[in-house]
Amino acid sequence: MAARDSPVGLSAELATICLWAAVQTLFARKRPNNFLRRALNDSRRRFELLGPLQQKRGSTGLARPLPPIYLRNVPTFITALVVTFVVVSMGFVLVALTRPTITQSVAASFLIGGTTVVVGRSIAIWRQFFSAGGYEEHSPRSVLLNPAKYLFVLGVLFIVFLGLESGGAETPLVSPRLAVVGLAIGKLGYDVRTLQLARNPQRRSWFAKLYGSQKSEISPEPVTMPDSSPKARFSMSRSTALIDALGSGVRYVFWNGEVTAVLGLLVALGIIAESSGILLSVGALAILLGSVRSLTRYLRYGTLEYRCYTDQLVVFDRLLGEPQSKVAVGDVAGVTVTQDRVDERLSTETLDFEVTNPPEVPEIQMLAPPPEEVKTSDIANQSVPLTVRHLSNAGAVLECLGLSETRGQQSTN
């Protein structure tokens, strides 16, 4: 049996695909076209920890021959690492169950077979994704389609052939030899199906119908700016940005309902068990969550500069060197000036711009429509609602744009 069709070969191949997929997500150029965007929009509090990074535009160049990486892809990269850990763990269990006795010769064959599969698969991925420019046709979400399919196949075969026992018997329902044959047949069937779909682009697998593909993702467009210099530039001071970020981290730990409840339960468990280790672990977890939230908050708002032109306000990210969004003066429906607790303490104000025709939020779609029916255009140059946080000279922004303010109620953001 070929190395790639053995349990070790399958496990090595799956682990390689998933690990490379995690790396590939950082370089994927397209933006995800989420078919459940309304559900995500209504539940945005659940994505407070890493969600702000996904709104970022722009990339950071690396040394050649690597393409640039995108800050907005970091949350998906972290998710892919978790999936990789699960796949590798399942692979180890699969090998252990099919080969309960590991001799020196068996270990040597495992090493040679696994290395062959890893090297071969890595070369193929490098050629297709990096050398051939495949990263330009993918979003981080579509990169994870193949690992998701492989993980599904592995899970089904794992449960059917290796996870069942016959009525409490000590031996598995299926012998190791038959399990290996079943794994090989299942993998062969999957590869044949993949080849059929590759030869007939009009057909879509049911994975693509549920998940979508790179053809349905959004091709990013840059936010255009006037050629002239801005009339004025506005931004939070560095100290204000740091205070805002730290305050956001504290609020996330102590005032976010889900996070606070989980941490509270863990603290109660530590007190009941009289375990200082649990209490220290909870404290470390709280510090980690608060720190990550503070960092993402700073990267979301602390690096922004608001450039005022005669007819528009452009949001520019100084860290990435890329405009993020803009609002045209003619599209502004109203501007509300508010003060939250941070504003009160720092004597600053927050501006909320409403626009006449905000981008539409698509309806929930349980199945991904065919690529030709999906709207893949970017809204980069459309006026969007905008919140300008914690400015000491908020009135100067309105004066620069020729707009009047409406005093709003106090908020806590």
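Small disclaimer: the values here were computed from a predicted structure and weren't measured. (Residues numbered from 1 in each chain as written. Predicted model: local features only at pLDDT ≥ 70, side-chain atom pairs only at ≥ 80, totals over all residues. Heavy atoms only, no water.)

1. Quick look at the pairing of strand β8 (residues 349–355)
Part 1 of the reasoning: In terms of residue burial, β8 counts as a mostly covered element, since 5 of its 7 residues are buried.
Part 2 of the reasoning: With 6 bridges joining them, strand β7 (residues 332–338) and β8 adopt antiparallel strand pairing. Directly across from Thr-336, in β8, lies its bridge partner Asp-352. (Buried < 20%, exposed > 50% of the residue type's maximum accessible area, 1.4 Å probe, protein only. Helix = DSSP H or I, 4+ residues; strand = E, 2+ residues; numbered from the N terminus. Pairing = 2+ DSSP bridges.)

2. Some thoughts on a nonpolar patch on the surface
Part 1 of the reasoning: On the surface, a nonpolar cluster with roughly 370 Å² of combined accessible area is contributed by Ile-78, Val-82, Phe-85 and Val-86.
Part 2 of the reasoning: Locating Val-82 in the fold gives a position in helix α3 (residues 74–98). (Patch = residues over 30% accessible without salt bridge, like charges linked within 9 Å, V, L, I, M, F, W, Y side chains within 5 Å. Areas by Shrake-Rupley, 256 points an atom, 1.4 Å probe, with all protein chains shown as cover. Salt bridge = Lys/Arg side-chain N within 4 Å of Asp/Glu carboxyl O.)

3. Side note on the packing of aromatic side chains
Part 1 of the reasoning: By the definition in use, this model includes 6 aromatic pairs.
Part 2 of the reasoning: With a centroid separation of 6.4 Å and 70° between ring planes, the pair formed by Phe-254 and Trp-255 is classed as edge-to-face.
Part 3 of the reasoning: In textbook terms, an aromatic cluster arises when at least three aromatic residues are bridged by ring pairs, as seen for Trp-20, Phe-27, Trp-126, Phe-129, Phe-130 and Tyr-135.
Part 4 of the reasoning: The ring of Phe-316 carries Arg-307 above its face, with NZ or CZ at 3.8 Å from the centroid. (Phe/Tyr/Trp six-rings, centres within 6.5 Å; stacked < 30°, edge-to-face > 60°. Lys NZ or Arg CZ within 6 Å of the ring centre and 35° of its normal.)

4. As for the confidence of the model for the chain
Part 1 of the reasoning: Across the chain, the average pLDDT comes to 80, with 73% of residues at or above 70.
Part 2 of the reasoning: Low pLDDT (under 50) marks residues 38–46, which in the prediction has 10 contacts with non-local residues, meaning those over four places away or in another chain.
Part 3 of the reasoning: Throughout residues 164–169 the model reports pLDDT below 50, and contacts reaching past four residues in sequence, or to other chains, amount to 6 contacts. (pLDDT = per-residue confidence, 0-100. Contact = heavy atoms within 4.5 Å.)

5. Some words on the sheet that holds strand β4 (residues 304–308)
Part 1 of the reasoning: Ordered by their spatial adjacency, 4 strands build an open sheet running β3-β4-β5-β6, and the pairing between neighbours is antiparallel. Lying at the two open borders of the sheet, with one neighbouring strand each, are β3 (232–234) and β6 (322–328). On average, each strand axis in the sheet is tilted by 25° relative to the strand beside it, whichever way the strands run.
Part 2 of the reasoning: In the sheet, strand β5 (residues 312–317) pairs with β6 via 6 bridges, with the strands oriented antiparallel. The residue of β6 that forms the bridge with Leu-313 is Val-327. (Axes fitted to C-alpha atoms, helices over the stretch in contact; angles between N-to-C directions.)

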